[in-house]
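Notes for the structure review
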Amino acid sequence: MKSNILKQTLYDMKRQPVTAAVTLIGTALAIFLMMTVMMINDVKTMPLTPESNRDRILYGMNMHTVSTEDGNNSNSSSRLSVKSATELYGDLEGISVWSIYCDDNNNIDVQATGKTPAVLFSRMTDDKFWQVFDHKFVAGRPYDKATIDAGDNVVVLSEGAVREVLECTPEEAIGQTVKVGQKPKTVIGVVKDNTPLASHAFGEVFMPIPKDNNMSWDDDYFGSVSVAMLMEDGATYDQIKKQVKARYAELENNMKATNRKPVYHEQPYDQLAASNAMGSNTTPDTESEKKKTLMLILILLLVPAINMSALTQSRLKHRTAEIGVKRAYGATKGRIVLELLAENFVVTLAGGIAGLLLSMIGAWLLSDTFFAGMGDPSNRVDINLPINAILNWKIFFWAVASCFVLNLLSAGIPAWRASRVHPVEALRK
Amino acid sequence: MNIIELNSVGKVYRTNTVETLALENVNIQIAKGEFVSIMGPSGCGKSTLLNVMGLLDRPSSGTVEIDGKPTANLSDKALSALRNAKLGFVFQSFHLIPSLSVTDNVELPLMYRQGTSDKERKARVREVIERVGLSHRMGHMPTQLSGGQCQRVAIARAIVGNPEIIFADEPTGNLDSHMSAEIMDLLKKLNKEDGRTIVMVTHNELQGKETDRIIRMFDGHCLS
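First, a word on scope: everything that follows refers to the structure included in this document. Since the structure is predicted, the reported quantities are computational estimates derived from the model, not experimental observations. (Residues numbered from 1 in each chain as written. Chains lettered and ligands numbered in written order. Predicted model: local features only at pLDDT ≥ 70, side-chain atom pairs only at ≥ 80, totals over all residues. Heavy atoms only, no water.)

The next thing to look at is the environment of A:Asp382. Residues and elements named next belong to chain A. Within the secondary structure layout, Asp382 lies in the loop between helix H13 (367-370) and helix H14 (393-420). A residue is classified by how much of its surface remains accessible, and Asp382, at 49% relative accessible area, is partly exposed. In this structure, the C-alpha to C-alpha distance between Asp382 and Asp368, residues 14 residues apart in sequence, is 6.5 Å. With residues near it in sequence (within four places) discarded, Asp382 still touches Pro196 and Asp368. (Helix = DSSP H or I, 4+ residues; strand = E, 2+ residues; numbered from the N terminus. Buried < 20%, exposed > 50% of the residue type's maximum accessible area, 1.4 Å probe, protein only. Contact = heavy atoms within 4.5 Å.)

See below:
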């Protein structure tokens, strides 16, 4: 039967080449658009080096306070200060390691002696940053607590930054001095180029947060850092949230004298919530984002499906007598529907594979356009799309599932109608 | 023993404005192994009668029994299974599936039958194609065959499932006299050698006379 389905499909395509071509191209474009949406959506949550542990990293990102005075609607919001980050997220039960790092975009001039300065994406971090995120060192080492405590002016560069600023190999870069925002710093490590899609870990220049940092204001509650935490095996998101909520209650108590109270906003965020965080004074609405994506995908499937349904209907009209013969020889209506869906699925799958390949090639070649603004709003840095963003089982699964749904949508009704034609009527055709 | 029995069968086709009486009070008994032809002028209800007997259409009134089994209350699924097990069909315009080869066309009824292995199917298909004298055309497509050969393929398809009854609706209607004679010989052979019951609609008086009995129809009534 399987071979008959293939034979029938090929025969149909040969007999009606224009219809077949339109169906194939329509399917390919529908799957291309859908897979592009899926990929863009997927890179927000899939493991991407150096955020390889996205499934167990949690983020404390914002501080938001509101006035408790009657009639006073004032509120303040920003990133965390080191103090509030430590008070709210430090040493939680179920967290193996946590890191404080600057999460804001920070382009900075970096210059080697006698060379042209380059504007690079910098990030200040603590020493634990290298444990939460798995940057690959190609030369040198990360800075540790002792280095930070000693106040050493050190810097870790990406391979691309080394090429651009020092014009040498990573090994040759170690020990050299570069001016970072006019401050001389010694290069102690070089990491592989990383993608801006890993927006919390991405950077070209990494420096320690100074011990005497003055990156806080407003009673030391607000600042410019975030917290990334790595959950232990067996720990649950709810368990962590519960602890943070309790700390927020404690903070609220401590802030009473200031006539303000902190707003919890369901922190810490998991990867999905963090990727949907729109501002420091709102709670990420992941459900609404999921619904929007689902709606978009449905529209992308439904529109071509309606058009292709008409084509399938006209194709099946030529086969009414054949369906009558099959019914006469014992095929049930359900069997007829299954056969017709299977035949159509072959075409949809062929178009779907073409669409999937198109979306993969497109994502690879045009990644800077496809993922524009994600992680690097300036669009200056190459996306460096990791291969697992394109080649992963989830993408293949969704492509096949989409073909299946598209097949049902485009051929379901025509197949059902064809199976309902009375055998006697069908045999008269 | 009667393998087909129609009692007081009526068939009315209704549209919004018109009601057409295709069969009225038809009573027919056909014995096992009989070769019966149905004759009558165009529009007298021959094909309708064949469709009702072949369980392709339900009567508006009366009962149809196949091999002693009443069919009135059978579901569509049960009717499909009964057609597959006991009935074979040969059509005037052959109705071969153009995308499939001779072998695949003949195999079709077995595809809708449970419990037949691939090996058994292939062997059975080969056997019946040889029987109708087309073993040299097994891989051919219907467009590569003559009308007579197409009808032989259709007959092979009708007998591949080893049905007890074959319904043939003007099987020689699209063939020249030479090919018609060949097809008639083949049907007679299936009747005599295998003991299959054959019910054939024909306009050809000579062919009718070659069968065991002629049922004559006129205006939806059975005359003999």
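Read on for the rest.
This part takes up helix H5 (residues 147-159) of chain B. Taking 1.5 Å of rise per residue, the 13 residues of H5(B) would be expected to cover 18 Å, and the 19 Å separating its terminal C-alpha atoms lies within 8% of that figure. Along H5(B), 12 of the 13 residues are buried, which leaves the element largely enclosed by surrounding structure. Among all positions of H5(B), only B:Gly148, B:Gln149, B:Cys150, B:Gln151, B:Arg152, B:Val153, B:Ala154, B:Ile155, B:Ala156, B:Arg157, B:Ala158 and B:Ile159 are buried. Against helix H11 (320-328) of chain A together with strand E6 (87-90), helix H3 (102-111), helix H4 (118-131), strand E7 (165-169) and helix H6 (177-194) of chain B lie the buried residues of H5(B). (Expected span 1.5 Å × (residues − 1).)

With that settled, the discussion passes to the sheet that holds strand E4 (residues 61-66) of chain B. All names here are of chain B. Judged by pairing direction, the sheet is antiparallel, and its 4 strands sit side by side in the order E2-E1-E4-E5 without closing on themselves. A strand with exactly one partner marks an edge of an open sheet, and here the two such strands are strand E2 (19-31) and strand E5 (69-70). Where strand E1 (residues 2-14) lies against E2, 9 bridges are found, and the strand directions are antiparallel. Bridging across to E2, Asn2 finds its partner in Ala31. Relative to E2, helix H1 (residues 46-53) is tilted by about 60 degrees, and along the sheet it contacts E1, E2 and E4. (Pairing = 2+ DSSP bridges. Axes fitted to C-alpha atoms, helices over the stretch in contact; angles between N-to-C directions.)

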